[in-house]
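Structural features, examined
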Amino acid sequence: MQVSTTEFDSRGRTGGIMFEEQSRTSVVSMWGEIDVSLRGESSAAIANALERAKAVVIDTSRVTFMDSTGVAFLMQMYTYGTQDGLTVSLPEPPPVVRSVIEMLGVDALFTQQARPAVAREA
């Protein structure tokens with residue numbers, strides 16, 4: 001389901017954060033508007049990713065808005081993940097995400113690593 005800023009999911013939300021465990025990676029997918037209303041989802045995604053102890057790919061390809069709360073989530077995922085020895089990548093963020101992380105000066109954390117495209121496993 002593609003979600004824009006004017007669309008809602010089945011629960012009436014305009015954004016979300018989902019965790020998906022794949023065989024070699026943990027994928028945290030973000031969509032729509034990423035703001036303070038997703039604090040619980042972001043905490044759950046971080047906990048799940050750390051529990052699985054696999055490389056983490058953060059997929060922001062469907063994000064239409066991100067405020068400082070969303071950037072805080074990215075920073076927490078990167079910090080906690082790397083402290084636990086995990087690779088955390090942010091492949092090809094859309095302009096709305098790239099501009100916010102560049103403005104806040106945290107883009108260098110994610111550009112230090114190779115940024116492979118998110119590959120969905122069958």
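We now turn to the structure provided with this report. (Residues numbered from 1 in each chain as written. Predicted model: local features only at pLDDT ≥ 70, side-chain atom pairs only at ≥ 80, totals over all residues. Heavy atoms only, no water.)

**A short note on the overall build of the protein**
Stated formally: Secondary structure elements are taken from DSSP: a helix is a run of H or I of four residues or more, a strand is a run of E of two residues or more, and numbering for both begins at the N terminus. Only protein chains enter the area calculation, which uses a 1.4 Å probe; residues under 20% of their type maximum are buried, those over 50% are exposed, and those in between are partly exposed. Residues are treated as being in contact if the distance between any of their heavy atoms lies within 4.5 Å. Surface exposure here means Shrake-Rupley accessible area, sampled with a 1.4 Å probe, where a residue is shielded only by the protein chains that are shown.
Counting its secondary structure elements, the protein contains four helices and four strands. Counting from the amino terminus, helix and strand elements in the protein follow one another as β-β-α-β-α-β-α-α. For the protein, the residues scored as buried account for 43% of the 122 residues in total. Here the analysis covers contacts within the protein between residues at least 6 apart in sequence; of these, 72% occur between residues at least 24 apart. Element-wise, carbon and sulfur atoms account for 53% of the exposed surface of the protein, whose accessible area totals about 6300 Å².

**Some details on the side chain of Asp-59**
Quick note on the threshold: Counted as a polar contact is a pair of N or O atoms within 3.5 Å, where, for protein atoms, one must be capable of donating a hydrogen and the other of accepting one, and residues adjacent in sequence contribute only when both atoms are in side chains.
By the element assignment, Asp-59 lies in strand S3 (residues 55–66). Polar contacts involving the side chain of Asp-59 include one to the side chain of Ser-61, which spans 2.7 Å.

**Thoughts on helix H3 (residues 95–103)**
Just so we agree on the cut-off: Working note: the arc is built from the helix axis to C-beta atom directions.
Where H3 is concerned, the buried positions are Val-97, Val-100 and Ile-101. Summarising the axial view, the buried residues of H3 lie within an arc of 95 degrees, below the 170-degree limit, and thus occupy one face. Counted as exposed and oriented over 90 degrees from the buried face of H3: Pro-95 and Met-103. Following H3 by one or two positions, Gly-105 adopts a phi angle in the positive range, close to 75 degrees.

**Section: the pairing of S3**
Every other side chain in a regular strand lies on the same face of the sheet, so the side chains alternate between the two faces. Under the convention used in this document: Each pair of strands is called paired provided DSSP finds at least two bridges between the two strands. Whether a crossover is right-handed depends on one test, that the path from the first strand over the helix to the second runs clockwise when the strands point away from the viewer.
Examined bridge by bridge, strand S2 (residues 25–34) and S3 share nine bridges and lie parallel to one another. Within S3, the position partnered with Ser-29 by the bridge is Asp-59. For the segment spanning S2, helix H1 (residues 39–52) and S3, crossover handedness is right-handed. Taken together, S3, helix H2 (residues 68–83) and strand S4 (residues 88–89) constitute a β-α-β crossover, and its handedness is right-handed.

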